[in-house]
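# Structural description and commentary
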Amino acid sequence: MPMREQPRFLPMSLQEARKLGIEQFDVILISGDAYVDHPSFAAAIIGRVLWDAGYSVGIIAQPDCKKDDDFRKLGQPRLFFGISSGNVDSLVNNLTPNLKRRSSDVYSPGGALLRPDRATIVYTNKVHALFPGVPIILGGIEASLRRFAHYDYWSDSVRQSILADAPADLIIYGMGENPLREVALRLEKGERIEEIQDVAGTTVKEEISRWRSSPREDCLVIPGFTEVSTDKRKYAMAFALHYKEQDPFHGRAAVQPHPKTVIIQNPPARPLRMEELDRIYELPFAREAHPSYREPIPALEPVRFSITSHRGCFGSCSFCALTHHQGRIVQSRSEDSILREATKLTRMKGFHGIISDVGGPTANMYGLFCPRWKQGACSDKLCSAECPSLDKDHSRQVDMLRRLRKIPGVKRVFIGSGIRHDLIMADHSPYLEELCRHHVSGHLKIAPEHISRSVTECMNKPPCEVLDAFRERFSAASKAVGKEQYLLPYLMSGHPGCTVLEMVELAEYLRDNHMYTEQVQDFTPTPMTVSTAMYYTGLDPFSLTPVHVPKGREKRIQRAMLRYRDPNNYDLVKEGLQMAGRADLIGEGRQCLIPARPSGGWGLEKRRNEKKRKKTK
């Protein structure tokens with residue numbers, strides 16, 4: 001394909017297309033997000049990559065599903081429609097963990113609620129009805145993590161693979177630049193979409209009769225939808241099986257039969273080379289919302305002047321889907337590429353010298369490397385700070401940050417992403433001291449999530465002893481540079497393996513260490529995480545041993561326990577303390593979490609909330 005000059009913005013209308021000399025788009029991307037031309041937004045980065053490969057790309061952002069014209073406005077693409085719910089899972093975005101409707105969407109102009117529930121399926125059904133026969137390719141977090149049969153928290157049921165529910169042809173899962181380019185090239189050469197069955201990083205479907213007559217060799221057949229939807233033990237077994245095939249070097253194709261089709265996940269796409277990653281992030285992103293919008297997109301401002309330094313995360317936290325999405329192998333950009341991007345920022349309108357973040361899924365994994373990754377991550381164990389094969393030297397990131405600070409026009413460079421404190425404790429470079437002196441904006445984000453050993457083991461997080469050692473080192477480093485700085489710990493309630501007793505233990509830890517925080521996350525079972533498999537089955541999927549799962553009122557009590565000072569939580573906290581046999585923490589003593597009786601202020605606040613609820617009704 002001939003190279004196309006990149007436009008200021010990818011076109012969202014036929015008028016824009018005609019100005020660029022485009023009569024018919026090669027590809028049309030449909031997204032549940034507003035179109036923001038920034039590398040943190042999926043439609044922008046995928047669209048720019050395809051354009052860079054020579055394809056013309058149009059974007060339909062947040063179409064109204066009641067209006068056919070919204071889907072027809074760019075015409076029919078020559079190659080395919082690419083459909084995504086956007087940067088976020090539509091159900092996570094639209095509903096709280098308590099299944100209450102959210103009041104705004106930060107990926108929409110003015111925060112308006114424009115994204116339908118199960119957006120990928122809704123958009124796909126509409127496109128299939130309006131453009132029968134045109135290939136439909138799904139991508140993004142919502143489709144990627146629903147590529148197998150999965151537990152759906154919002155309906156409290158096991159649903160089929162999204163490919164069995166939506167009339168799409170294939171899924172690009174994970175980070176999709178290379179797989180999507182390969183699929184586009186093969187369509188360009190005349191292959192039919194149903195013939196494209198073997199691209200790494202894709203999930204496809206096949207007719208049952210064809211599969212039975214000529215099954216693929218060297219693949220792993222896991223328990224099918226009928227089994228996993230009726231047998232929780234089989235669900236756990238199926239999850240463990242496909243979890244172990246998520247490596248691009250030694251992963252096999254994983255096959256899951258469904259009642260009307262067979263779902264085949266090809267092995268993951270290979271990690272991007274440094275020069276490939278550099279090229280992607282140095283494409284000419286405007287870092288602005290499309291000029292057609294009249295209201296700001298709230299999600300843009302926190303990341304407008306941020307820089308992505310790497311992809312992948314070897315942390316393998318149980319509640320995180322990154323193992324199934326970006327993978328465990330860290331892929332870092334070159335220092336020179338990051339510096340070139342930072343230099344471009346200094347010439348942008350609105351830049352005042354502050355780079356808000358330089359990071360990735362975990363900021364301090366930039367430049368870290370394990371020689372075994374050349375043949376794939378270890379299949380018999382997870383990466384950890386204790387592994388002698390893993391290079392935990394942060395010197396490369398220290399050098400990169402020092403070079404960034406010297407760029408004319410750059411005043412401050414902050415690390416806004418979270419860091420893994422256990423990696424810092426396993427390293428002897430001056431990384432933490434550099435952070436405290438130059439890169440912490442008052443608070444440093446860490447995510448211990450819990451302090452009880454049984455819970456942190458279930459979460460695959462470092463134990464409390466590592467957190468305590470890090471807190472001491474952070475305090476000393478901040479003091480040494482003459483700054484009063486604080487840790488911002490992210491904590492989680494309601495995680496499988498956690499009882500009310502462990503939540504009381506965490507509340508006491510916060511009390512004793514003056515770490516009370518509003519940064520509390522109530523565990524939400526999202527598709528394709530280890531924790532969600534535990535939540536649904538009550539089993540550890542790898543050992544098949546029972547795991548305690550808090551649900552219903554206990555889950556509410558656990559969340560309240562982390563915010564025990566909030567007067568509105570008094571009744572739940574008291575109930576939880578009594579449930580755990582810790583009535584000694586109720587009273588007026590210094591060690592008590594709550595008083596023996598609720599204060600007048602608590603009663604007044606509760607009455608106000610009740611009045612508001614009555615007015616709403």
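Each value, and the rule that gives it
Residues numbered from 1 in each chain as written. Predicted model: local features only at pLDDT ≥ 70, side-chain atom pairs only at ≥ 80, totals over all residues. Heavy atoms only, no water. Helix = DSSP H or I, 4+ residues; strand = E, 2+ residues; numbered from the N terminus. Buried < 20%, exposed > 50% of the residue type's maximum accessible area, 1.4 Å probe, protein only. Contact = heavy atoms within 4.5 Å. Areas by Shrake-Rupley, 256 points an atom, 1.4 Å probe, with all protein chains shown as cover. Lys, Arg positive; Asp, Glu negative; His and termini not counted. Charge placed at Lys NZ, Arg CZ, Asp CG, Glu CD. Polar contact = N/O pair within 3.5 Å; in protein donor to acceptor, adjacent residues only side chain to side chain. Axes fitted to C-alpha atoms, helices over the stretch in contact; angles between N-to-C directions. Parallel < 35°, antiparallel > 145°, perpendicular 65-115°, else oblique. Left-handed = near helix turned anticlockwise from the far one by under 90°. Nonpolar A, V, L, I, M, F, W, Y, C, P; charged D, E, K, R; others polar. Salt bridge = Lys/Arg side-chain N within 4 Å of Asp/Glu carboxyl O. Pairing = 2+ DSSP bridges. Expected span 1.5 Å × (residues − 1). Core = buried A, V, L, I, M, F, W, Y, C linked by side-chain atoms within 4.5 Å.

Glancing now at the overall build of the protein. A tally of regular secondary structure across the protein gives 24 helices and 22 strands. A principal-axis box enclosing the C-alpha atoms of the protein has dimensions of 75 × 60 × 60 Å. Within the span of the protein, comprising 617 residues, buried residues form 58% of the whole. A fraction of 75% describes how many contacts in the protein between residues 6 or more apart in sequence connect residues 24 or more apart. When the accessible area of the protein is evaluated, it comes to approximately 26300 Å², of which 50% is carbon and sulfur surface. In the protein, 87 side chains carry a positive charge and 75 a negative one; their mean positions are 5 Å apart.

This next bit is on the environment of Asp 393. Mapped onto the elements, Asp 393 comes out in the loop between strand E18 (357–359) and helix H15 (395–405). The class of Asp 393 is partly exposed, set by a relative accessible area of 35%. Each C-alpha atom of the pair Asp 393 and Ile 424 lies 8.8 Å from the other, and the pair is 31 residues apart in sequence. Contact partners of Asp 393, with chain neighbours within four places excluded, come to Leu 368, Asp 427 and Ser 429. At 2.5 Å, the side chain of Asp 393 forms a polar contact with the side chain of Ser 395.

Looking now at the packing of H15 against helix H17 (residues 431–439). Running from N to C, H15 and H17 cross one another at 20 degrees; their axes reach a closest spacing of 10 Å. Viewed along their axes, H15 and H17 adopt a mutual orientation that is roughly parallel. Judged by the sense of rotation from one axis to the other, the crossing of H15 with H17 is left-handed. Residues Gln 397, Val 398, Leu 401, Arg 402 and Arg 405 of H15 form the contact with H17, whose participating residues are Tyr 431, Glu 434, His 438 and His 439. Here the contact of H15 with H17 is built from residues that sort into three nonpolar, three polar and three charged.

Within the structure shown, the criterion is met by 43 salt bridges. Between Glu 508 and Arg 511 there is a salt bridge; the shortest N-O distance is 3.5 Å. In this pair, Glu 508 and Arg 511 both sit in helix H20 (residues 500–512), three residues apart, roughly one turn of the helix. As far as the burial class goes, Glu 508 and Arg 511 line up, both buried. Measuring nitrogen to oxygen at the nearest pair gives 3.8 Å for the salt bridge that ties Arg 563 to Asp 566. According to the relative accessible area criterion, Arg 563 is partly exposed, its value standing at 22%.

Attention now goes to the sheet that holds strand E21 (residues 486–493). With parallel pairing, the three strands of this open sheet are ordered in space as E20-E21-E22. Two strands in the sheet have a free side with no partner beyond their single neighbour: strand E20 (443–449) and strand E22 (520–522). Averaged over neighbouring strand pairs, the angle between their axes works out to 25 degrees when direction is ignored. In the sheet, E21 pairs with E22 via three bridges, with the strands oriented parallel. Paired with Leu 491 across the bridge in E22 is Val 520. Relative to the sheet, helix H19 (residues 464–480) contacts E20 and E21, its axis offset from that of E20 by approximately 170 degrees.

Strands sit in the order E3-E1-E4-E5-E8-E9-E12-E11-E10 across an open sheet of nine strands; the sheet is mixed. A single partner strand is all that each edge strand has here, and the edge strands are strand E3 (57–61) and strand E10 (219–221). Geometrically, the sheet is characterised by an average inter-axis angle of 25 degrees between neighbouring strands, direction not taken into account. Note: strand E5 (residues 136–138) against strand E8 (residues 170–172), two bridges, orientation parallel. By the bridge assignment, Leu 138 is partnered in E8 with Ile 171.

What follows covers helix H11 (residues 232–243). For H11, with twelve residues, the first-to-last C-alpha span of 16 Å sits near the 16 Å given by 1.5 Å per residue. When H11 is considered as a whole, its buried residues turn out to be Tyr 235, Ala 236, Ala 238, Phe 239, Ala 240, His 242 and Tyr 243. Buried residues along H11 sit against strand E6 (150–152), strand E7 (157–159), helix H10 (225–228), strand E11 (253–257), helix H13 (322–325) and helix H21 (530–537). Put simply, Asp 231 is the residue that caps the front of H11, since its side-chain oxygen is 2.9 Å from the backbone nitrogen of Arg 233.

Relative to each other, H11 and H21 sit at 170 degrees, their axes nearing to 9 Å. Taken together, the axes of H11 and H21 are roughly antiparallel relative to one another. Residues Lys 232, Tyr 235, Ala 236, Phe 239 and Tyr 243 of H11 form the contact with H21, whose own contacting residues are Val 530, Ala 533, Tyr 536 and Thr 537. Counted by class, the contact of H11 with H21 contains seven nonpolar, one polar and one charged residues.

Before going further, it helps to examine H21. For an α-helix the count is 3.6 residues per turn, leaving residues at separations of three or four pointing the same way. Counting buried positions along H21 yields eight of eight residues, so the element is predominantly enclosed. Those residues of H21 not exposed but buried are Val 530, Ser 531, Thr 532, Ala 533, Met 534, Tyr 535, Tyr 536 and Thr 537. Among the structural elements, E6, E7, H10, H11, helix H18 (453–459) and helix H22 (552–562) are those in contact with the buried residues of H21.

Attention shifts here to the nonpolar core. Judged by nonpolar contacts, the single largest core of 96 residues is most densely connected at Ile 355, Leu 404, Ile 419, Leu 444, Phe 470, Met 561 and Leu 577. At seven residues, H20 tops the list of elements feeding residues into this core.

Let us now look at the pairing of strand E9 (residues 202–206). With four of five residues buried, E9 is to be regarded as a mostly interior element. With three bridges connecting them, E8 and E9 associate as antiparallel partners. The partner of Ile 172 across the bridge, within E9, is Thr 202. Sheet topology places E9 next to strand E12 (residues 262–265); four bridges connect them, and they run antiparallel. Bridged to Thr 203 within E12 is Gln 265.

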